[in-house]
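Overview (structure and organization)
Spelled out, the chains give:
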Amino acid sequence: MTKAKALRGLMLTMGYACVAIGLFHVLAGNAAIPGESSADATVDSLGRFFGAIFAGYGVAWLRAARQSPIRTTAVRGLAGIFFLGALGRLLSLAVHGWPHWFQIVLGAVELALPPLFLWLADTGPEPHRPAESTT
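All of the points below concern the structure found in this document. All figures in this text were calculated on a predicted structure; none of them were measured in a lab. Think of each chain on its own: its residues are numbered from 1, step by step along the sequence as written. Owing to the predicted nature of the model, reporting of local features is limited to residues with pLDDT of at least 70; listing and counting of side-chain atom pairs is limited to 80 or more, with chain, interface and lining totals taken over all residues. No hydrogens and no water enter the side-chain calculation; it runs on all heavy atoms of the structure.

1. Notes on the overall build of the protein
The line we're drawing: Under the scheme used here, helices are H or I runs from DSSP no shorter than 4 residues and strands are E runs no shorter than 2 residues, and both carry numbers assigned from the N terminus. Buried, partly exposed and exposed residues are distinguished by accessible area as a fraction of the type maximum, computed with a 1.4 Å probe on protein chains only: under 20%, between the cut-offs, and over 50%, respectively. Contacts are residue-level and defined by heavy atoms, with any inter-residue pair within 4.5 Å sufficient. All accessibility values rest on the Shrake-Rupley procedure with a 1.4 Å probe; residue burial counts only the protein chains present in the view. His is not counted, nor are the chain ends, whereas Lys and Arg count as positive and Asp and Glu as negative. A charge is said to be at NZ when it belongs to Lys, at CZ for Arg, at CG for Asp and at CD for Glu.
Per the secondary structure count, the protein includes four helices and zero strands. Secondary structure of the protein in N-to-C order comes out as α-α-α-α. Once the C-alpha set of the protein is aligned to its principal axes, its extents read approximately 55 × 35 × 25 Å. Evaluated residue by residue, the protein yields a buried proportion of 27% over its 135 residues. For the protein, the proportion of contacts with a sequence separation of at least 24, taken over those separated by at least 6, is 73%. Total accessible area on the protein is roughly 8,700 Å²; 69% of this is exposed by carbon and sulfur atoms. Mean positive and mean negative side-chain charge positions of the protein (10 and 7 charges, respectively) differ by 13 Å.

Dropping the structure here:
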């Protein structure tokens, strides 16, 4: 399997997973957050909102995966956003301590996947695309 095929497959998997997880949070609210099913309406509202945003993030992965060739800048940007989420988890760990074990697993995935995406996307320079005419 080539790096390009592996990249596309991982991007599609990431996109579908993010859409599914995001929609699950929109529909289930607090019940989607391990250990937080009894949180108040404010946390429920926030979780459902961020679920929708996460689903949209998944759509961005799916769109990027369907481009031919895959644009390295899109992969870098999307992987960078994912890595920023991992840094947020580390900040939370430093401020509030250890979360539910499942959040630790998610944090490990969020730290591991961005370098993999960057390695797979490192297939050479971006293809030159002629500027569109404005006339």
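That covers the picture; the talk isn't over yet.
2. Concerning the packing of helix H1 (residues 3-28) against helix H2 (residues 41-65)
Selection criterion: Think of each axis as a best-fit line through the C-alpha atoms, taken over the contacting stretch in the case of a helix, with angles from 0 to 180 degrees between the N-to-C directions. Working rule for angles: under 35 degrees goes down as roughly parallel, over 145 as roughly antiparallel, 65 to 115 as roughly perpendicular, anything else as oblique. By the definition used in this description, the sense in which the near helix is turned from the far one sets the handedness, with an anticlockwise turn below a right angle giving left-handed and a clockwise turn giving right-handed. Residue classes follow a fixed rule: Ala, Val, Leu, Ile, Met, Phe, Trp, Tyr, Cys and Pro count as nonpolar, while Asp, Glu, Lys and Arg count as charged, and any other residue, Gly among them, counts as polar.
Running from N to C, H1 and H2 cross one another at 160°; their axes reach a closest spacing of 7 Å. Between H1 and H2, the angle is such that the two are roughly antiparallel. Where H1 crosses over H2, the handedness of that crossing is left-handed. For the contact of H1 with H2, the per-class residue count stands at 20 nonpolar, six polar and two charged.

3. Remarks on the environment of Phe 83
Here Phe 83 is to be found in helix H3 (residues 72-96). You can call Phe 83 partly exposed: its relative accessible area is 34%. Separated by 28 residues in the primary sequence, Phe 83 and Leu 111 place their C-alpha atoms 6.1 Å from one another. When sequence neighbours within four positions are dropped, the list of residues in contact with Phe 83 reads Glu 110, Leu 111 and Pro 114.

4. Some points on the environment of Arg 48
Rules: We define a polar contact as two N or O atoms separated by no more than 3.5 Å, with the added condition that, inside protein, one atom must be a possible hydrogen donor and the other a possible acceptor, whereas residues neighbouring each other in sequence contribute only through side-chain atom pairs.
Of note, Arg 48 is situated in helix H2. Arg 48 sits 16 residues away from Ala 32 along the chain, and the two C-alpha atoms are 9.4 Å apart. Those residues in contact with Arg 48 that sit more than four places away from it in its chain are His 25, Val 26, Leu 27, Ala 28 and Gly 29. A distance of 2.7 Å separates the side chain of Arg 48 from the backbone oxygen of Val 26, its partner in a polar contact. Within the structure, the side chain of Arg 48 is placed 2.7 Å from the side chain of Asp 44, a separation counted as a polar contact.

5. Regarding the packing of aromatic side chains
Aromatic ring pairs: the centre-centre distance and the angle between the two ring planes describe each pair. Selection criterion: Each aromatic pair joins two rings of Phe, Tyr and Trp (for Trp, the six-membered one) with centres within 6.5 Å, and gets the label stacked for planes under 30 degrees apart, edge-to-face for over 60, and tilted for any other angle.
A full pass over the atoms with the stated rule returns six aromatic pairs. An angle of 25° between the planes, with centres 5.8 Å apart, marks the rings of Phe 54 and Tyr 57 as stacked. Note that Phe 54 and Tyr 57 are positioned in helix H2 at a spacing of three residues, about one turn of the helix. Look at Phe 54 and you get partly exposed, because its relative accessible area is 26%. Residue class for Tyr 57 comes out buried when judged on its relative accessible area of 11%. Relative to Phe 102, the ring of Trp 101 has its centre 5.7 Å away and its plane inclined at 85°; by these criteria the two rings are edge-to-face. By relative accessible area, Trp 101 is classed as exposed at 56%.

Note that every value here comes from positions in space, so none of it alone points to a role or purpose.
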